[in-house]
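Tertiary structure, described
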Amino acid sequence: MKLAVVGGGSTYTPELIDGFARLRDELPVTEIALVDPDPTRLGLVAGMARRMLEHAGHPARVVATASVEEGVAGADAVLLQLRVGGQTARNVDETLPLECGCVGQETTGAGGLAKALRTVPVVLDIAEKVREHAPNAWIVDFTNPVGIVTRALIEAGHRAIGLCNVAIGLQRRFAAGLGVAPDRISLGHFGLNHLTWVRSVSLDGVDVLPKTLQEPLGEEIAEAIGLPISLMRHLGVVPSYYLRYYYEHDAVVAEQRSKPSRAAEVAAMEAGLLELYADPSVNTKPELLEKRGGAFYSEAAVALIASLLGDRGDAQVVNLRNDGTLPFLPDEAVIEVPATITANGASALTVAPVEPLYAGLIAHVTAYETLALDAALYGGLRRVSDALLAHPLVGQASLADDLAQRLVEANRAHLPWATE
């Protein structure tokens, strides 16, 4: 079994390798191709990956290449985890919106749109190469903004499923807090990527969320998410961390303005991680990697790929085409819900009717995502401004126009249409 990781020079990659090594019975990989245009990072990460696999006694070989065609050729699955523009572009995504009084975040709001504009064309180009050199491969997208990127892939006819670690992170947190194995916990998870809520936590089929919200575990989860436990108890649900940007917008903006950007923090971590990866004596996942983010990313990726290639028919939370699952959205929207995973792909499980409090915001952001994809595919300052005007975290005409000009100028090097 061959897997290809596009963006294989990412400091995240050893997290994946650790999962492949620990879960080898679920996913018997024989070759891992790491694809990345940065030879220095790729060399360091590939060397680290080889040492980790050797230390674990895993027989898979690691191939490092800058060629997408070579890396994906004959692959059974291709995992996308690239970052167009690197941490430098991310820093702009997080700081530029703050200048206009908007949340600065790399996947949500104006920063998320900037990332989509840079990323969608690159991902679609990679996917065409996958279609040519590995026509039967599944594309698993972990590249943000996952919902928009996955929709672009699906609409272009690719065998693609989006993946995020928010759901598995919450599942593991509840399991640990309740002192049970994770496979005994299932979540009533619904929404869009980075716009989700959990309205049930089933332990062996019994919903324990109402009780849990009244207990210390509920307070711990609220603290981790960054929202008041009083709000969660009032709503009776657990919002994802990303709902902070909507429910407490002004407080988050003030907080972000008072400290360095997350991009600056991550850049410093990455420098430290790359130093560790360069050390030939380091052959296990460093503790520092846990602070980088992406907890349980490898478990989610292994489970999804194993089910797609092994036709397991189990339920996992993924990003997939709506096709009537949430009837208030168009079929072509990409949603994030539990789905049955087989060799034929993902089939959404039934989702109970969504309350207006959540359905309204989901529909609003879906409209933005439609316009954001249009802007990413076809370019143009007007399309960028329209997408921002449609976003609930922007939504003012003069602000949208101002932000659009700033975003396009800051990302001109990555937007071919902006230099024409």
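Relevant structure appears above.
Residues numbered from 1 in each chain as written. Predicted model: local features only at pLDDT ≥ 70, side-chain atom pairs only at ≥ 80, totals over all residues. Heavy atoms only, no water.

A word on the pattern of salt bridges
- Following the criterion strictly, the structure yields 32 salt bridges and no others.
- Close ionic contact of Lys259 with Glu255 constitutes a salt bridge, the shortest N to O distance being 3.6 Å.
- On the basis of relative accessibility, which here comes to 45%, the residue Lys259 falls in the partly exposed class.
- Across the pair Asp323 and Arg321 runs a salt bridge whose closest N-O atoms are separated by 2.6 Å.
- Overlapping salt bridges, with partners in common, bring together Glu15, Asp18, Arg22, Lys285 and Glu299 in one network. (Salt bridge = Lys/Arg side-chain N within 4 Å of Asp/Glu carboxyl O. Buried < 20%, exposed > 50% of the residue type's maximum accessible area, 1.4 Å probe, protein only.)

Here we look at the pairing of strand E1 (residues 2-6)
- Burial analysis of E1 places 5 of its 5 residues in the buried class, the great majority of the element.
- The side-chain alternation of E1 yields two buried faces, one formed by Lys2, Ala4 and Val6 and the other by Leu3 and Val5.
- Pairing of E1 with strand E2 (residues 31-35) involves 5 bridges; the strand directions are parallel. Across the sheet, the residue bridging to Ala4 is Ala33, located in E2.
- A crossover links E1 with its parallel partner E2, the connecting element being helix H1 (residues 13-22), and its sense is right-handed.
- Direction of pairing for E1 relative to strand E4 (residues 77-80): parallel, over a ladder of 4 bridges. Residue pairing for E4: Ala4 is matched across the bridge by Val78. (Helix = DSSP H or I, 4+ residues; strand = E, 2+ residues; numbered from the N terminus. Pairing = 2+ DSSP bridges. Right-handed = clockwise from strand over helix to strand, strands pointing away.)

Considerations on the nonpolar core
- Counting residues in each nonpolar core, the largest one holds 146 residues, and the members touching the most others are Val238 and Leu388.
- Looking at this core, the element that brings in the most residues is helix H5 (residues 109-133), giving 11 residues.
- Contact partners of Leu388, with chain neighbours within four places excluded, come to Ala110, Leu113, Val394, Gly395, Ala400, Leu403, Ala404 and Leu407. (Core = buried A, V, L, I, M, F, W, Y, C linked by side-chain atoms within 4.5 Å. Contact = heavy atoms within 4.5 Å.)

Details of helix H15 (residues 356-378)
- Taking 1.5 Å of rise per residue, the 23 residues of H15 would be expected to cover 33 Å, and the 33 Å separating its terminal C-alpha atoms lies within 8% of that figure.
- Those residues of H15 that sit buried are Tyr358, Ala359, Leu361, Ile362, Val365, Thr366, Tyr368, Glu369, Ala372, Leu373, Ala375 and Ala376.
- Two residues or fewer after H15 comes Gly379, characterised by a positive phi angle close to 70°. (Expected span 1.5 Å × (residues − 1).)

Here we look at the layout of surface pockets
- The volume enclosed by the second largest pocket comes to roughly 680 Å³.
- Residue lining of the second largest pocket: 29 residues in total, with Ile168, Gln171, Ala315, Gln316 and Val317 positioned closest to the centre.
- Among the secondary structure elements, those contributing two or more residues to the lining of the second largest pocket are helix H7 (166-178), strand E7 (185-192), strand E8 (195-203), helix H14 (297-310) and strand E11 (314-321).
- Its residues placed into classes, the lining of the second largest pocket shows 16 nonpolar, 5 polar and 8 charged. (1 Å grid on protein atoms, 1.4 Å probe; cavity = no way out; pocket = protein on both sides within 12 Å on 5 of 7 lines; lining within 4 Å. Points joined across faces, edges and corners; volume = space filled by probe spheres on them. Nonpolar A, V, L, I, M, F, W, Y, C, P; charged D, E, K, R; others polar.)

Details of the packing of H5 against helix H16 (residues 381-390)
- Close contact between H5 and H16 brings their axes to 10 Å; oriented N to C, the two are set at 145°. For the crossing formed where H5 meets H16, the hand is right-handed. On the side of H5, the interface is formed by Ala110, Leu113 and Leu117, while H16 contributes Val384, Ala387 and Leu388.
- Residues belonging to the contact of H5 with H16 are distributed by class as follows: 6 nonpolar, no polar and no charged. (Axes fitted to C-alpha atoms, helices over the stretch in contact; angles between N-to-C directions. Left-handed = near helix turned anticlockwise from the far one by under 90°.)

Quick notes on the packing of aromatic side chains
- As enumerated under the stated definition, the model contains 9 aromatic pairs in all.
- With 5.9 Å between their ring centres and 90° between their planes, Tyr241 and Tyr242 make a pair best called edge-to-face.
- For the pair Tyr241 and Tyr245, a centre-to-centre distance of 5.9 Å together with 85° between the ring planes defines the contact as edge-to-face.
- For Tyr241, a relative accessible area of 34% gives the class partly exposed.
- Under the relative-accessibility criterion, Tyr245 is labelled buried at 5%.
- An aromatic cluster is built from Tyr12, Phe142 and Tyr297, whose rings are joined through pairwise contacts.
- The side chain of Arg159 reaches across the aromatic face of Trp138, ending 4.2 Å from its centre.
- Over the ring of Phe190 we find Arg199, and its NZ or CZ is 4.3 Å from the ring centre. (Phe/Tyr/Trp six-rings, centres within 6.5 Å; stacked < 30°, edge-to-face > 60°. Lys NZ or Arg CZ within 6 Å of the ring centre and 35° of its normal.)

Describing the packing of H16 against helix H17 (residues 397-410)
- Where H16 meets H17, the closest approach of the two axes is 8 Å, and the angle between their N-to-C directions is 130°. Looking at the two axes, H16 sits oblique to H17. When you trace H16 past H17, the crossing you get is right-handed. Here H16 contributes Leu381, Arg382, Val384, Ser385, Leu388 and Leu389 to the contact with H17, which in turn contributes Ala397, Ala400, Asp401, Leu403, Ala404, Gln405, Leu407 and Val408. (Parallel < 35°, antiparallel > 145°, perpendicular 65-115°, else oblique.)

Without other data, these values stay purely geometric and don't point to any function.
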